[in-house]
Structure formats: structure tokens, C-alpha cells
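Secondary and tertiary structure notes
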Amino acid sequence: MEPGEVREAGHGTTDLHYVETGMFDIEGYSSVYLLDAEEPAVIETGIGAEWEAIVDAMGSVGIDPEDVAYVAPTHVHLDHAGGAGYLAEACPNAEVVIHEIGAPHLVDPGRLWEGTKRAVGDQIRHYTEPEPVPEDRIRTVTDGDAIDLGDHELAVHHAPGHAPHQVVYRDPANEAVFTADAAGIYVPDLDTVKPTTPPPNFDVPQAIADTRAIADLDPSVLCYSHFGPQPTGERLAEHERALAEFLDLVEERRERLGDDEAVIERFVEETDLAGPWTEDRAHAVAEMDVRGIFRYLDTREE
């Protein structure tokens, strides 16, 4: 898919499209979903750099930005919520939905921006500094809430293993769950699911519990933020297995090598994502995910 290209989500869903954002100049890395319900909703917002392409995609499927009722990032990490302020301006009648823990970061994204710059290093060249969302445009949610879209609904389920401000949204009419990062990353070119374990808040047992909670919702379709809709099949079990194996391998290598930087170097050398992604992004993600597991292990031992 080309950046800005929009497709029907398929897999038995209705009124649902997804947009290829072209994030990090990678095809098949990041998707934003357009739910053309009676009260239209945009799920996820990208990093901000591609907000105009998302607005253009709305028009291509017959959604007037002025009719959008909700912009709903799953959490405030900037690859999910970086475009929230831009889309709030482009969709002047929309409320921006976010978990209550994350709301202050949308109103004043300065700290989040500075933290992201520290975390991603030179990858920040792909980002756009986020625009604040007016406080009176934000609708905070928590576990058990629901956003009524008329003929669809976004049922809110807190999924804090990846980040404390993360939720997943279930659309019962489509038997679909918008998985945020709670079900890992689906890599189309490899047809596989990878865990995503960034610092500072990644919690392995909670992440496993989140994956099982999604399974308990019994969705037919998983709408991955990274990347695209997939039939559920065995994907959730695949994610849980991959996460457990990654934890064990990081822990074993840390004990054996006794040098965290050497462990990171080994994982960077071995990543299989440099093919489907750019090499610099694949290496940055490998390092970030290992550091997230280090942080979890250190916290567990305190």
C-alpha cells in the first residue's frame, strides 16, 4: 500500500476502512482506522506527520471531517496519538477519546514530546511535534465505558501492560477489536506477530493478562495498529508465546553475557525486521524492546 492509501478492512466487517500512514517511510507499519458509523470515528491518529493524508482518506470513503464525532487514539505514545491535535482541528466537531491517565498528555504534550525525543534518538526526524488538544474537546474513558456511534459502538477495555494509559476498543457489530499494542505487532511481510515491549512501563504479566482479556472478548477480527486487520485465528496465542520466549531469551542472555549493551547488540544483529522495515527502524525497535524488558526485570527485582 502507498502512503495515504485506504482499503476496506474486510474479513466480514462493515463500514470499516484502514489507512496506510507510511510512518517511518515503511509500508505496512502503521494503520489508522475509519469507522463510517452513524457517528463516524477515527481510531488512532499516527505520529502527526501524516494527518493530512488521513483527512484525505476520510473524503475518499465519504466521511466529511466535520461529521466525525470521535477521534480515538488507543494510548498517548506518539505513534498512536501524535496526530490527535491536528485531527481535532481538522474535525472541529469531534471529541478526542483517551484513557483518563493519558488525558493530561494530550492537553499539554510538551513532556511527552521531550520524552519521545530522548527515547527515539535520531528517529525523531520522522515525527512532527504534537499540537495540544483543547481540554474541553477531550472525553476521558476508563474500563467498562462505551462510545455510542449509533449503529456501532466502541466498548472500552483497559489494557495497561504496554502502557498504563492504553485501552483497546471492541466494536461488537463487527466482532472486531482495535488492539493498540496489546496484541503485539503484526508484520505482513513475515506473516507473524512480534511483541512490542518499550520502556519505561512495560509489564510482562499484565501484558499477558491483556492478551488473554482480548481473547475472552472472542473477536473474529483483530485490527492491529501495526499493521492492518487480520482474522483472529491463533494470533493471540502466537503473541503470548512470542512474548514469553522473548522475556526468557533476554533474561538468559543478560545472565550469561553480564553486559546489557552486549545483549542489546546481539538482538540488534539478529533482528529479522530489517527486511520488511528500514534497517535503522528495525535496529531502533530491537534496542527499545530489549531495554523495556530490562526495565521490567529490574523493577521485578526491587
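Now for a look at the structure at hand. Not measured: the values here are computed from a predicted model.

Right, let's get into the side chain of Glu44. By secondary structure assignment, the location of Glu44 is in the loop between β4 (41-43) and α1 (51-60). Of the side chains with opposite charge, Arg281 lies nearest to the buried Glu44, which makes no salt bridge, at 13 Å. A distance of 2.7 Å separates polar atoms of two side chains, one belonging to Glu44 and the other to His80. Within the structure, the side chain of Glu44 is placed 2.5 Å from the side chain of Ser225, a separation counted as a polar contact. Each residue touching Glu44, except ones within four places of it in the same chain, is listed here: Ser31, Val32, Ala72, Pro73, Thr74, His80, Ala180 and Ser225.

Summed over the entire model, instances satisfying the criterion amount to nine aromatic pairs. Measuring from ring centre to ring centre gives 5.2 Å for Phe24 and Tyr29, while their planes differ by 90 degrees; the resulting arrangement is edge-to-face. By relative accessible area, Tyr29 is classed as buried at 3%. Residues Trp51 and Tyr86 carry aromatic rings whose centres are separated by 5.9 Å and whose planes lie at 15 degrees to one another, so their mutual orientation is stacked. With Trp51 in helix α1 and Tyr86 in helix α3 (residues 84-90), this pair connects stretches of sequence that are 35 residues apart. Put simply, the rings of Tyr18, Tyr33, Phe178 and Phe227 pair up and form one aromatic cluster. When the ring centre of Phe267 is taken as reference, the NZ or CZ atom of Arg253 above it lies at 4.6 Å.

What follows deals with helix α5 (residues 110-120). For α5, every residue scored as buried is listed here: Leu112, Trp113, Thr116 and Val120. One side of α5 holds all its buried residues, which, seen down the axis, span an arc of 100 degrees. Facing away from the buried surface of α5 by more than 90 degrees, the exposed residues are Arg111 and Arg118. Looking at the packing, one finds that the buried side of α5 touches α2 (78-81) and α4 (103-107).

Leu34, Met58, Val68, Leu106 and Trp277 are the most contacted members of the largest nonpolar core, which has 41 residues in total. Looking at which element gives the most residues to this core, the answer is α1, with four residues. In terms of nonpolar packing, the next biggest core, distinct from the first, is built from 25 residues, Tyr33, Leu35, Leu149 and Tyr169 among them.

Quick notes on the rules
- Residues numbered from 1 in each chain as written.
- Predicted model: local features only at pLDDT ≥ 70, side-chain atom pairs only at ≥ 80, totals over all residues.
- Heavy atoms only, no water.
- Helix = DSSP H or I, 4+ residues; strand = E, 2+ residues; numbered from the N terminus.
- Buried < 20%, exposed > 50% of the residue type's maximum accessible area, 1.4 Å probe, protein only.
- Lys, Arg positive; Asp, Glu negative; His and termini not counted.
- Salt bridge = Lys/Arg side-chain N within 4 Å of Asp/Glu carboxyl O.
- Polar contact = N/O pair within 3.5 Å; in protein donor to acceptor, adjacent residues only side chain to side chain.
- Contact = heavy atoms within 4.5 Å.
- Phe/Tyr/Trp six-rings, centres within 6.5 Å; stacked < 30°, edge-to-face > 60°.
- Lys NZ or Arg CZ within 6 Å of the ring centre and 35° of its normal.
- Arc of directions from axis to C-beta.
- Core = buried A, V, L, I, M, F, W, Y, C linked by side-chain atoms within 4.5 Å.

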